[in-house]
Every structure is written in structure tokens, then in C-alpha cells.
Amino acid sequence: MNIIVNGAAGRMGQQVCRLVEAEGHTLAAAVDRSGGEGFVSSLAEYTGPADVVIDFSNHAGVGELVDYCVSRGLPLVAATTGYTPEEFAKLEAGAKKIAIFQSYNMSVGVALLARLVKQAAAIFGGCDVEIVEAHHNRKVDAPSGTALMLADAVKSQRPDAEYVYGRSGQHKRQPNEIGIHSLRMGNVVGEHEVIFATDNQTITLKHQAHDRALFAEGALTAAGFLVGQPAGFYHMDDLLGP
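Our subject in this report is the structure included herewith. Values in this document were obtained by computation on a predicted structure and should not be read as measured data.

**Some words on the overall build of the protein**
Next up, step 1: When helices and strands are tallied, the protein shows 7 helices and 11 strands.
Next up, step 2: Against the 2.2 N^0.38 benchmark of 18 Å for 242 residues, the protein shows a C-alpha radius of gyration of 19 Å, consistent with a compact globule.
Next up, step 3: When the backbone C-alpha atoms are referred to their principal axes, the protein occupies close to 60 × 40 × 30 Å.
Next up, step 4: Evaluated residue by residue, the protein yields a buried proportion of 46% over its 242 residues.

See below:
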């Protein structure tokens, strides 16, 4: 594959660039607004051959990103987090014209976790659910997109669920709450834990990322899956299959 990496100078962008070449693919363009040697400063500057775009840039640039991919008919792996509802709507609109793969976490293991969480929520319908996520102290969005994805997996089985972000004051926990708690410390790559508790038992489902390389691996796997797909909005469930 000929792959454009957008946000190539960032931590994840660098990981993806290295993996693209290590796996025998072609790095068509390393795009980053910071410019510098070896980087293209904007997507519009690159008009050469490409099969797919992998984006690990900033959510605020999603409009320009989608417009570029649509104009060139290129599938897009959208791996950035922190989208506002308006920005996410731009991805959804773009998916009517091109194939777009979106996930707040590119780990296949996290996708499996989300599937298990959904199953547990269906079986233990009346239990208390709490989600705890931890990341490095430089992460700017909280809660993480992955934590929200896991909460959505629970809510798919409990439509009346309400998200509560952290706890303070003196308020009794309501049965339909999903508590979401964020930790920011040190150099934690990413940890997500979903706790299901009844009066008599507790089930904990947890995923720990040990190296950021796993997100690059997932993004490259998603790119391979996406090339050749018709226009549409794809997610990790599509990649995992039934």
C-alpha cells in the first residue's frame, strides 16, 4: 500500500511511519503542519500516488482532512481522539462518499474488550457499572475516547444509562449511572477497566497497553481492511467480524 500519514511528526505518527516501512509498504507522504525536513506541511501539497490516509493529527483539522480524502477518493483511517459532535458529523458526512474507518482506540484488544463489555452488560442488567481509565500526564482530553466507547457499549444494552464523570459532594449513586473516572499520571500508555458489581459479586474487565506500537499496528491493519471497501463508516466491529 501507498500510505499517507497525517500528523506524522507526533508520537503516534512517528510510530506509524516506522511501521509502514518495516512492513514493506510505501510511505507516500509524511504530513505534519510543523514542516521540517522529510515532512509535507499540508495534505493539499501532496498530489502523488496514494491508496489510503492514516490520521493521527488533531481533531480540529477534520474538515480539511475529510475534504482532501473525498476530493481524491482516498479511504481514511481516522485514529484521532477528542472530536466534538460537529467534527464527528463531518466524518459521518464524508463516509457517504468514501470509506472511513474510525475508532477512538486502534488496539484490536480494546475492540475485543468493548465486545466483552457489551456481553457483560446484557447479562448483568441490574448491576452497577464503573469505568476507570488512565493515561500519561500530557493527554489533553478527558475522559478518553476509549472510555466513552466502552460506556457506549454498556449503554447499547441499557438505553436509560446516564454518564457521570467523576464523583464529588454528597449524592447517592443512582442505579442507571455509569461512572467514568480519569487518571492522568506519568507516562501511562493507556489503561481501561470496566467494573460490573452486584451486591454479591464483581466482574472486572481490563485492558493495558504496554507500548504505543500496538496502536500503530491496529491502524495499519485497519488501513489494509479499508482499501477496496465501498463508501461507508467502518469501526472495529467490522474489522473483528461476527
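Moving on, there is more to tell.
**Regarding the sheet that holds strand 9 (residues 190-197)**
Next up, step 1: The strand order across the open sheet formed by 5 strands is 7-8-6-9-10, and the pairing between neighbours is mixed. The open sheet has two free edges, formed respectively by strand 7 (162-165) and strand 10 (202-209), since each of these has just one partner strand. Averaged over neighbouring strand pairs, the angle between their axes works out to 15° when direction is ignored.
Next up, step 2: Across 4 bridges, strand 7 lies against strand 8 (residues 177-184) in parallel orientation. Within the sheet, the bridge partner assigned to Glu162 lies in strand 8 and is Glu177.
Next up, step 3: The strands touched by helix 5 (residues 145-155) within the sheet are strand 6 (128-135), strand 7, strand 8 and strand 9, with strand 8 carrying the most contacts at an inclination of about 165°.

**Quick notes on the packing of helix 2 (residues 62-72) against helix 3 (residues 85-94)**
Next up, step 1: The N-to-C vectors of helix 2 and helix 3 enclose an angle of 5°; their axes lie 9 Å apart at closest approach. Here helix 3 runs roughly parallel to helix 2, going by the angle between their axes. In this structure, helix 2 uses Val62, Gly63, Val66 and Val70 to contact helix 3, whose residues at the interface are Glu87, Lys90, Leu91 and Gly94.
Next up, step 2: Taken together, the residues that form the contact of helix 2 with helix 3 break down as 4 nonpolar, 2 polar and 2 charged.

**Some points on the sheet that holds strand 2 (residues 26-31)**
Next up, step 1: The strand order 2-1-3-4-5-11 describes an open sheet built from 6 strands, whose pairing is parallel. Each end of this open sheet is capped by a strand with a single partner; those strands are strand 2 and strand 11 (232-234). Direction aside, neighbouring strands of the sheet carry axes that sit 20° apart on average.
Next up, step 2: As judged from the 5 bridges shared by strand 1 (residues 2-6) and strand 2, these two strands associate in the parallel manner. Counterpart to Ile4 in the pairing with strand 2 is Ala29.

Cut-offs applied
Per chain, residue numbering runs from 1 following the sequence as it is written. Given that this is a predicted model, residues contribute local features only at a pLDDT of at least 70 and side-chain atom pairs are listed and counted only at 80 or more, while totals for whole chains, interfaces and linings are drawn from all residues. Side-chain measures were taken over the full set of non-hydrogen atoms in the model, leaving aside hydrogen atoms and water. Numbering goes from the N terminus for both helices and strands, where a helix is a DSSP run of H or I of at least four residues and a strand is a run of E of at least two. Restricting the calculation to C-alpha atoms gives the radius of gyration, and the globule rule supplies 2.2 Å times the number of residues raised to the power 0.38. Using a 1.4 Å probe on the protein chains alone, a residue whose accessible area is under 20% of its type maximum counts as buried, one over 50% counts as exposed, and one in between counts as partly exposed. DSSP calls a pair of strands paired once it identifies at least 2 bridges connecting them. Each axis is a line fitted through C-alpha atoms, and for a helix only the stretch in contact is used; angles between axes span 0 to 180 degrees, taken between their N-to-C directions. Contacts were defined at the residue level, with two residues in contact if any of their heavy atoms lie within 4.5 Å. Any angle between 65 and 115 degrees counts as roughly perpendicular, while under 35 counts as roughly parallel, over 145 as roughly antiparallel, and the rest as oblique. Residues are sorted three ways: Asp, Glu, Lys and Arg are charged, Ala, Val, Leu, Ile, Met, Phe, Trp, Tyr, Cys and Pro are nonpolar, and all the rest, Gly among them, are polar.

The quantities given are spatial measurements derived from coordinates; they are silent on function.
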